[in-house]
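Descriptive structure summary
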Amino acid sequence: MSYDRVEVPAEGERITLADADGDELDVPEKPIVPIIYGDGVGTDVGPAAQRVLTSAAEVTGRGIEWMRVYAGASARERYDENLPEDTLEAFRDFKVGIKGPLTTPVGAGYRSLNVALRQQLDLYANVRPTYYIDGMPSPVADPTEMDMVGFRENTEDVYAGVEWEAGTEEVEQVREFVAEEMGFGESIHDGPVGIGVKPISEFGTKRLVRRAIDYALERNREKVTLVHKGNIMKFTEGAFRDWGYEVAREEYGDEVITEDTLWNEQDGEAPGETVVVDDRIADNMLQQLLTRTSQYDVLAMPNLNGDYLSDSAGAQIGGLGIAPGANMGDGRFVAEPVHGSAPKYEGQDKVNPTAMILSGRIMLEHLGWHDASNLVYNAVEEAILDKRLTYDIERQIDDAERVATSEFADILIENIESQA
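A brief report on the enclosed structure follows.

1. As for the side chain of Asp392
Its place among the elements puts Asp392 in helix α13 (residues 391-394). Among buried charged residues, Asp392 stands out as having no salt bridge; its nearest opposite-charge side chain is Arg395, 6.6 Å away. There is a polar contact of 3.2 Å between the side chain of Asp392 and the side chain of Asn352.

Here it is in structure tokens:
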């Protein structure tokens with residue numbers, strides 16, 4: 001693959017698929033990894049994360065050849081477009097990458113650059129591990145109970161973006177069809193109305209749930225919970241639940257057992273290392289996050305439920321400033337922090353880079369570099385316990401030392417090197 005407007009590192013090797021029909025990677029000791037710093041605070045947290053991840057790789061005897069690619073403001077400055085084809089091709093070609101937050105300007109031609117990137121690369125699973133790091137301030141009594149991984153469908157539901165604006169000719173056509181042809185006239189109030197369509201497919205559901213179950217089996221997680229609003233939306237979210245159970249029952253044999261089978265046939269005890277699949281109503285699950293936190297493990301969710309629940313879970317362990325995430329597709333992976341671009345703080349060297357650094361930690365795990373991943377985790381935990389923190393956390397802890405974004409990265413690198 002040749003690139004017209006970005007430079008491919010002269011050193012380093014490509015990550016390839018070990019099996020053309022599978023998802024297993026063949027990772028060289030010094031892979032080429034595309035990186036988008038991002039907009040707003042991405043200009044600060046992107047370089048900080050790059051330096052920390054480089055250190056973790058080098059301490060374990062490996063390396064990373066970073067390939068700088070562009071989207072959002074940085075792409076507009078260089079190419080007068082928001083999402084260059086070279087950027088998309090780099091993530092397709094090199095399989096694994098990382099990005100910071102992007103801002104979508106008005107009139108950009110996209111509802112969201114972040115969503116466009118996920119959809120064009122078919123990164124159908126948004127994965128958000130949520131775990132407590134010792135020393136972090138938290139609004140709950142025992143944040144250590146939180147250790148969940150959310151799998152949020154990334155291409156359907158509200159992310160499909162199928163909607164029509166109130167007052168347009170198009171929305172009136174849809175209203176007429178829904179009211180007269182489909183018989184739902186009484187469900188829509190008179191006057192201006194916006195209408196959206198919520199697609200949830202068997203294909204999209206099953207590949208997400210399959211990835212969540214595979215993750216649970218690979219990581220020795222005990223339970224996968226399907227989170228839905230199927231009591232009301234019976235043919236979309238209810239179908240998500242039903243199709244999820246079909247995957248569990250038809251594709252995994254004795255490795256997976258569903259909740260109804262568990263209680264009816266196993267007297268409440270799952271045999272061996274079997275993964276249990278159950279389901280919960282979405283609004284009840286928001287309560288369960290707080291009241292029965294430790295009872296949940298891996299959550300598989302349609303897009304909107306996953307958005308709400310993953311952010312709520314993140315609040316319990318200290319907020320979105322430390323919440324990591326990643327987007328996964330078949331043979332492709334792009335890590336990214338959960339937080340937004342916060343443009344008012346751009347270039348001030350003050351915001352917390354932990355979310356992007358821990359997103360990079362997920363990337364290291366995806367490469368199979370678990371030793372490097374552990375170095376990053378230990379370094380972050382040590383910095384928090386030492387109370388050397390960026391302003392967002394420092395202001396919540398007595399006697400803490402406030403440090404800049406770049407200084408925090410320096411501290412983490414020192415902590416990583418001290419573990420060598």
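2. Points about the nonpolar core
Formed by 93 residues in total, the largest nonpolar core has its most connected members in Phe151, Ile213, Val224, Met363 and Leu364. Counting residues per element, this core draws most heavily on helix α12 (residues 370-385), which supplies 8 residues. Not counting chain neighbours up to four residues away, the residues in contact with Val224 comprise Ala212, Ile213, Ala216, Val275, Val276, Val277, Asp278, Val298 and Ala300. Listed in part, the 22 residues of the second largest apolar core include Val69, Phe94, Ala116 and Leu123.

3. As for a negative patch on the surface
A grouping of Asp19, Asp21, Glu24 and Asp26 is seen on the molecular surface, where their side chains present a negatively charged patch. By the element assignment, Asp19 lies in the loop between β1 (16-17) and β2 (25-26).

4. Let's talk about the environment of Val298
Following the sequence through the fold, Val298 ends up in strand β13 (residues 298-301). By relative accessible area, Val298 is classed as buried at 0%. The sequence separation of Val298 and Ile36 amounts to 262 residues, and the corresponding C-alpha distance is 28 Å. Those residues within four positions of Val298 in sequence are excluded, and the remaining contacts are Val149, Phe151, Ala212, Tyr215, Ala216, Arg221, Lys223, Val224 and Thr225.

5. Concerning the packing of aromatic side chains
If you walk through the whole model with that rule in mind, you get 4 aromatic pairs. Measuring from ring centre to ring centre gives 6.0 Å for Tyr131 and Tyr377, while their planes differ by 50°; the resulting arrangement is tilted. Placement of Tyr131 in strand β6 (residues 125-131) and of Tyr377 in helix α12 is noted, with a sequence separation of 246 residues between them. For the residue pair Tyr131 and Tyr377, the accessibility class agrees, reading buried in each case. Aromatic side chains Phe151 and Tyr215 sit 5.3 Å apart centroid to centroid with 65° between the ring planes, which places their arrangement in the edge-to-face category. Taken together, the positions of Phe151 in strand β7 (residues 147-153) and Tyr215 in helix α6 (residues 202-218) put the pair 64 residues apart, joining distant regions of the chain. The residues Phe151 and Tyr215 share a single accessibility class, namely buried.

6. Topic: the sheet that holds strand β14 (residues 326-329)
On the basis of which strands lie adjacent, the open sheet formed by 11 strands has the order β4-β3-β5-β15-β14-β6-β7-β13-β10-β12-β11 and mixed pairing. The open sheet has two edge strands, β4 (65-68) and β11 (256-258), and neither has a second partner. Averaged over all neighbouring strand pairs, the angle between strand axes comes to 25°, with direction disregarded. Across 2 bridges, the pairing between strand β3 (residues 32-36) and strand β5 (residues 96-99) is parallel. If you follow Ile36 over to β5, its bridge partner there is Lys99. The strands touched by helix α1 (residues 42-59) are β3, β4 and β5; relative to β4, the strand with the most contacts, the crossing angle is about 160°. Running at roughly 160° to β7, α6 makes contact with β6, β7, β10 (223-228), β11, β12 (275-281), β13 and β14 of the sheet.

7. With respect to the packing of α12 against helix α14 (residues 405-418)
Closest axis-to-axis distance for the α12/α14 pair is 8 Å, and the angle between their directions is 120°. The angle between α12 and α14 falls in the class oblique. Crossing angle aside, the handedness with which α12 passes α14 is right-handed. Side by side, α12 and α14 meet where Leu375, Val376, Ala379, Val380, Glu382 and Ala383 of the first sit next to Phe408, Ile411, Leu412, Asn415, Ile416 and Ser418 of the second. A breakdown of the residues in the contact of α12 with α14 according to their chemical character gives 9 nonpolar, 2 polar and 1 charged.

8. So, the pattern of salt bridges
Under the criterion given, the structure shown has 30 salt bridges. Among the ionic pairs, Arg211 bridges to Asp330, the shortest N-O distance being 3.8 Å. A residue pair is termed long-range when its members are at least 10 positions apart, and Arg211 in helix α6 and Asp330 in the loop between β14 and β15 (332-335) qualify at 119 residues. Arg211 sits in the buried class, given a relative accessible area of 13%. With a relative accessible area of 55%, Asp330 lands in the exposed category. Its salt-bridge partner being Asp242, residue Arg241 comes within 3.0 Å of it at the nearest N-O pair. Its relative accessible area of 37% is what places Asp242 among the partly exposed residues.

Cut-offs applied
Residue indices follow the written sequence of each chain, beginning from 1 at its first position. Totals for whole chains, interfaces and linings use every residue, but because this is a predicted model, local features are given only for residues with pLDDT of at least 70 and side-chain atom pairs only at 80 or more, for both listing and counting. As a convention, hydrogens and water are excluded, and side-chain values are obtained from all of the structure's heavy atoms. By definition, any uninterrupted DSSP run of H or I lasting at least four residues is a helix, any uninterrupted run of E lasting at least two residues is a strand, and each is numbered from the N terminus. Buried residues are those whose accessible area, probed at 1.4 Å on protein chains only, stays under 20% of the maximum for their type, while exposed residues exceed 50% and partly exposed ones sit between those limits. None of His or the chain ends enter the tally, which takes Lys and Arg as positive and Asp and Glu as negative. Take a side-chain nitrogen of Lys or Arg and a carboxyl oxygen of Asp or Glu: if they are within 4 Å of each other, that pair is a salt bridge. Within 3.5 Å is the distance limit for a polar contact, defined as a pair of N or O atoms, with the added protein rule that one can donate a hydrogen and the other accept it, and that residues adjacent in sequence qualify only through two side-chain atoms. In these notes, a set of buried Ala, Val, Leu, Ile, Met, Phe, Trp, Tyr and Cys residues joined through side-chain atoms within 4.5 Å is what counts as a nonpolar core. Any two residues whose heavy atoms approach within 4.5 Å at even a single point are treated as in contact. The patch calculation keeps residues exceeding 30% relative accessible area without a salt bridge and links them within 9 Å when they carry like charges or within 5 Å when they are nonpolar (Val, Leu, Ile, Met, Phe, Trp, Tyr). All accessible-area figures derive from a Shrake-Rupley calculation using a 1.4 Å probe, and residue coverage is judged against the displayed protein chains alone. Charge positions are represented by NZ for Lys, CZ for Arg, CG for Asp and CD for Glu. Two rings from Phe, Tyr or Trp (for Trp, the six-membered ring) form a pair when their centres are within 6.5 Å of each other. A pair whose planes differ by under 30 degrees is stacked, one over 60 is edge-to-face, and the rest are tilted. Think of it this way: DSSP has to see at least two bridges between two strands before they count as a pair. Axis definition: a line fitted to C-alpha atoms, limited for helices to the stretch in contact. Angles are taken between N-to-C directions and run from 0 to 180 degrees. Throughout this description, any angle smaller than 35 degrees is read as roughly parallel, any larger than 145 degrees as roughly antiparallel, any in the 65 to 115 degree range as roughly perpendicular, and the remainder as oblique. Crossing handedness is read from the near helix: turned anticlockwise from the far helix by less than a right angle, it gives a left-handed crossing, and turned clockwise, a right-handed one. Gly falls in the polar group here, along with every residue not listed as nonpolar (Ala, Val, Leu, Ile, Met, Phe, Trp, Tyr, Cys, Pro) or charged (Asp, Glu, Lys, Arg).

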